[in-house]
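# Descriptive structure summary
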Number of protein chains: 2
Amino acid sequence: MSELFFTPGPTALYFTAEEHIKTALKKGVCSTSHRGQQFKDIYKECQQNLRKLMDIPEDYHVLITSSANEAWERIIENCVEKESYHISMGAFSARFAKTATQLGRTVHELVVEDGTVPDFDAIDVPESAELITICLNESACGTTFPLDTINALREKHPDKLIAVDGVSGVPVIPIDFRNIDTLYFSVQKAFGLPAGLGIWIVNNRCLEKAEKMASSGKVIGSYHRLPDMVEKAQVYQTAETPNILGIYTLAKVASDMLEKGILPIRREIDYKSAILNQVIEAHPQLHHFVENDKHRSKTVKVIKTDFDSSLLIDHLKQKKIHIGTGYGGYKKEQVRIANFPTHSKEQTEMLVDLIEAFRV
Amino acid sequence: MSELFFTPGPTALYFTAEEHIKTALKKGVCSTSHRGQQFKDIYKECQQNLRKLMDIPEDYHVLITSSANEAWERIIENCVEKESYHISMGAFSARFAKTATQLGRTVHELVVEDGTVPDFDAIDVPESAELITICLNESACGTTFPLDTINALREKHPDKLIAVDGVSGVPVIPIDFRNIDTLYFSVQKAFGLPAGLGIWIVNNRCLEKAEKMASSGKVIGSYHRLPDMVEKAQVYQTAETPNILGIYTLAKVASDMLEKGILPIRREIDYKSAILNQVIEAHPQLHHFVENDKHRSKTVKVIKTDFDSSLLIDHLKQKKIHIGTGYGGYKKEQVRIANFPTHSKEQTEMLVDLIEAFRV
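Residues numbered from 1 in each chain as written. Chains lettered and ligands numbered in written order. Predicted model: local features only at pLDDT ≥ 70, side-chain atom pairs only at ≥ 80, totals over all residues. Heavy atoms only, no water.

## So, the side chain of A:Thr7
Stated formally: Runs of E in the DSSP output that reach at least two residues are strands. Runs of H or I that reach at least four are helices, and both are numbered from the N terminus. When checking whether two residues touch, look at their non-hydrogen atoms; a contact exists if any pair is within 4.5 Å.
Position of A:Thr7 among the secondary structure elements: in the loop between β1 (4–5) and α1 (17–26). If near-sequence neighbours (up to four positions away) are discounted, A:Thr7 is found in contact with A:His322, A:Ile323, A:Gly324, A:Ala338, A:Phe340 and B:Ser31.

## Some thoughts on the environment of B:Glu73
For the record, the criterion: In protein, a polar contact means a hydrogen-donor-capable atom and an acceptor-capable atom, both N or O and within 3.5 Å, with residues adjacent in sequence counting only if both atoms are side-chain atoms; elsewhere, any N or O pair within 3.5 Å suffices.
Relative to the elements of secondary structure, B:Glu73 occurs in helix α3 (residues 68–79). Those residues in contact with B:Glu73 that sit more than four places away from it in its chain are A:Glu73, A:Arg74, A:Gly221, A:Ser222, A:Tyr223, B:Thr99 and B:Leu103. Only 2.9 Å separates the side chain of B:Glu73 from the side chain of A:Arg74, close enough to count as a polar contact.

## Things to note about the packing of helix α9 (residues 262–282) of chain A against helix α11 (residues 345–357) of chain A
Residue and element names in this part refer to chain A. Counted only if it meets this: Angles run from 0 to 180 degrees between N-to-C directions of axes, and those axes are lines fitted to C-alpha atoms, restricted for helices to the stretch in contact. For classification, angles of less than 35 degrees are called roughly parallel, those exceeding 145 degrees roughly antiparallel, those between 65 and 115 degrees roughly perpendicular, and all remaining angles oblique. Lys, Arg, Asp and Glu make up the charged group, whereas Ala, Val, Leu, Ile, Met, Phe, Trp, Tyr, Cys and Pro make up the nonpolar group; the residues left over, Gly among them, are polar.
For the pair α9 and α11, interaxial distance at closest approach is 10 Å and the crossing angle is 5°. Classed by the angle they form, the pair α9 and α11 counts as roughly parallel. Here Glu268, Tyr271, Lys272, Ile275, Leu276 and Val279 of α9 come into contact with α11, specifically with Lys345, Thr348, Glu349, Leu351, Val352, Ile355 and Glu356. Looking at the contact of α9 with α11, its residues break down into 7 nonpolar, 1 polar and 5 charged.

## Details of empty space enclosed by the protein
Any space left empty among the atoms is revealed by the rolling of a water-sized probe across them. Heads up, the condition is: A cavity here means a set of points on a 1 Å grid, drawn over the protein atoms and nothing else, where a 1.4 Å probe fits but cannot get out; a pocket is an open set with protein on both sides within 12 Å along at least five of seven lines, and a residue lines either one if it has an atom within 4 Å of a point. Grid points are joined across faces, edges and corners, and a volume is the space filled by probe spheres set on the points.
Inspection of every chain in the model, using the stated rule, returns 9 cavities of 30 Å³ or more. Looking at the largest cavity, its volume works out to about 140 Å³. Forming the walls of the largest cavity are 16 residues, and the residues nearest its centre are A:Pro194, A:Asn243, A:Leu245, B:Asn243 and B:Leu245. Of the residues assigned to the lining of the largest cavity, the class counts are 10 nonpolar, 6 polar and no charged. Taken as a whole, the second largest cavity spans an internal volume of roughly 110 Å³.

## Comments concerning the nonpolar core
The line we're drawing: Residues grouped as a nonpolar core are buried Ala, Val, Leu, Ile, Met, Phe, Trp, Tyr and Cys residues, joined through side-chain atoms within 4.5 Å. Only protein chains enter the calculation, and the probe is 1.4 Å; a residue is then buried if its accessible area is under 20% of its type maximum, exposed if over 50%, and partly exposed in between.
Among the nonpolar cores identified, the biggest contains 178 residues, and A:Leu50, A:Met54, A:Phe185, B:Leu50, B:Met54 and B:Phe185 are the most heavily contacted of them. Counting residues in hydrophobic clusters, the runner-up holds 21 residues, among them A:Ile280, A:Ile321, A:Ile355 and A:Phe358.

## Points about the interface of chain A and chain B
Operational definition: Throughout, the accessible surface (probe 1.4 Å) given up by two parts as they are put together, summed over both, is called the buried area. Salt bridges are defined by distance alone: a side-chain nitrogen of Lys or Arg within 4 Å of a carboxyl oxygen of Asp or Glu.
Contact residues are listed per partner, giving 45 residues for chain A and 45 residues for chain B. For the pairing of chain A and chain B, the buried interface totals around 3500 Å² over both sides, and the portion due to carbon and sulfur atoms is 58%. Contact with chain B buries area across many residues of chain A, yet A:Leu25, A:Ser31 and A:Tyr223 alone supply 16% of it, more than any other trio. Between the two partners, chain A and chain B, sit 2 salt bridges. In this structure, B:Arg74 engages A:Glu73 in a salt bridge whose closest nitrogen and oxygen atoms are separated by 2.9 Å. Applying the counting rule to chain A against chain B returns 8 residue pairs in polar contact (both at pLDDT 80 or more). Counted by class, the side of chain A that touches chain B contains 15 nonpolar, 20 polar and 10 charged residues.

## Quick word on the relation of the copies chain A and chain B
What counts is decided by this rule: Here the copies are superposed with least squares, the fitted atoms being C-alpha atoms of residues at a pLDDT of at least 70 in both.
Its rotation angle being 180°, the transformation that places chain A on chain B also includes 0.0 Å of axial translation and leaves an RMSD of 0.0 Å. In symmetry terms, the pair is related by a two-fold rotation axis. The position closest to the rotation axis in chain A is occupied by the C-alpha of A:Ser66, lying 3.1 Å away. A share of 100% of interface residues in chain A that are also interface residues in chain B marks the association as one of identical surfaces.

## A few points about the UniProt feature "domain: Aminotransferase class V" (unreviewed entry) in chain A
Short version of the rule: UniProt positions are given in the numbering used here, feature names are shortened, and annotations may be inferred rather than shown by experiment.
Residues annotated by UniProt as "domain: Aminotransferase class V" (unreviewed entry) correspond here to residues 28–326 of chain A. What you have in residues 28–326 of chain A is 40% helix and 18% strand, and the ends, taken at the C-alpha atoms, are 41 Å apart.

What follows is the structure in structure tokens.
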């Protein structure tokens, strides 16, 4: 048996990814010019497959970044002149607020207790804030942000831009793009691809904001200024020589997911989530970190252990199965388990059996 | 025969790169955590091999970016408070000046005629400029910047920072890091790797400049602020989940180059450059674009054609050999041929024979 990675990212490659990479090498994809037709076709296929898979409206632009970290920076640079509002539910969502602070913006931050999500009434966005940031799935704590709260925020604040961190959430969580303005993700989590590529989806409201800021003399970046990125993406080009191999592999994996069907993928996620929940609840020494089951992520399970969590991690490692440690200060008292499209039912059942039989 | 890429970037993969990528897939490198020891070992190996190969002093930091484009932005953000001076010899070097303009700096730009490099006396850097930017090898025009001019600039302006674009020049051109402050390159040219990774080498003078700017309240970026990048690189970490596969492959290719030896690699480049020059000079319908032979790049040959250059390009394409078009406005009247470490003597001799026999 080869090694199994249930770590929350980087994680197991999507089960077809390796073959696509080998085919790309054989076809000389890495040697093709990023200004030529072959690359344009690859980027176009990637855009089109993601649009279908994630139901991205035609008037939203699908852009290439190097990471979700870059998307944080570009969104602040291009969509926030002065003030932004951030909902922080853990280490990853809090980084967006930090980015805005580092870029000299006035930051309003709602920080909720780890393992919880805020009530709609607690989200008090000041009139002056231009942007609201939301993390769909906080990979550090295993919380998932309610989609109806996003929709309610849109209704309450129609004039503000809403940015959503989709890392470890998409394409599993069915987000309605019409209720948000921008969403970004890196590919090494739920898409199961090698790290080093991010996708940034933006609508024309974001673009108009960037253009307005630029025309008033504000610096909005250089090679990745949003208006320039959109202009290039419309002809399937990028400013820099991008991660062509990554874009190719994403196009192909998205195609494989489409062939399988997003509904079957989501049903499998539900099944695997249920059996993972069952083993946590049945085990005398394991507990959900997220108490409210409505706010528990389906794709990243965060589990409190009554023992030093490295005991379980090492036990599984001996069987060549890798799960994640707790994040940051929770390292020794929690484990994190990914439930992504690449993890098969059989693999997850095997993992569940091993956890069930484990005692300290 | 498989396809041969003499395009100036992306180009042929280094002849060992494909095997290293396959080994990485087999070893689960793409699934390993970027916070774990396995990744730290990969980044450390990459740093150490580049230091040996390029003779990078120990007190220079080897950082990870996504591209050379990103390096332009980071250098301006972190090393230029107000004014910079740029030597532009073609489309690529001119982009550095454009980046500084977009980021709101006051830009002094010396633009020389395409196919030429400036005399030392023409380089008139104002007292107010904090940074001088130089392109070692202008891939658009095939010019190479004289190393003794870099050294003379260092002597004349010891207080200014000097930034060098090493793309398509390193590791072939033996740059003396003691006479410059920062150098960056992307890996898809002379290193022959898949695009989507840049290396940014900086000394402590750059770091001190960034720290000084930050402490005076200037914005120097977010996740890739230079002081944070250096701090993380010292423990072989990055802020974002980086292109782990790319870093692994670069470490291995640099190791292969070390095993072959940088001197034999440079001797081969000299030999291939000489036979390419010979065929250009002997052919009645081909001419060097760069007239002064001292300023002609060894690694990117730019050739004027007396005919529509697509005729030669298409002729070679029928034999599954790819060479580059002219850049930008020169597309139809020039060809560009790469002479990188991955191009073998035999492959280059075959290319030379085909060009020699070609007539319109």
